[in-house]
Amino acid sequence: MSLHQFRVGQTVRLKRSAAMSQRVPEIFEVTMTLPPRENLPQYRIRSDAENHERVVTQDSLEAVGGAI
């Protein structure tokens, strides 16, 4: 099983996909680590630009500044 690479409070960038709206913010803060989904660690993330949180898998995030 994979380990979480990001920590609560860390600023991360949501990787863009072709299906993603251009209005989706790019920068988020990790608010919670969650159990893996299909062997990929999950996170709850939020942006000040949105009124809700998102749940994403680790492969859709990257550390801001490129360092983990």
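Please refer to the structure higher up on the page.
Structure report, in brief. (Residues numbered from 1 in each chain as written. Predicted model: local features only at pLDDT ≥ 70, side-chain atom pairs only at ≥ 80, totals over all residues. Heavy atoms only, no water.)

Counted according to the given criterion, the structure contains one aromatic pair. Seen in terms of ring centroids, phenylalanine 6 and tyrosine 43 are 5.6 Å apart; in terms of plane orientation they differ by 65 degrees. Their pairing is edge-to-face. Of the two residues, phenylalanine 6 is situated in the segment before β1 (11–14) and tyrosine 43 in strand β3 (residues 40–46); the sequence distance between them amounts to 37 residues. Exposure remark for phenylalanine 6: the relative accessible area of 4% places this residue in the buried category. (Phe/Tyr/Trp six-rings, centres within 6.5 Å; stacked < 30°, edge-to-face > 60°. Helix = DSSP H or I, 4+ residues; strand = E, 2+ residues; numbered from the N terminus. Buried < 20%, exposed > 50% of the residue type's maximum accessible area, 1.4 Å probe, protein only.)

A few words on the side chain of serine 47. Tracing the backbone through its elements, the reader meets serine 47 in the loop between β3 and β4 (53–57). The buried category is assigned to serine 47, whose relative accessible area is 7%. For serine 47, the side chain forms a polar contact with the main-chain nitrogen of alanine 49, separated by 3.1 Å. Residue contacts for serine 47: discarding those within four places in its chain leaves Pro25, Ile27 and Phe28. (Polar contact = N/O pair within 3.5 Å; in protein donor to acceptor, adjacent residues only side chain to side chain. Contact = heavy atoms within 4.5 Å.)

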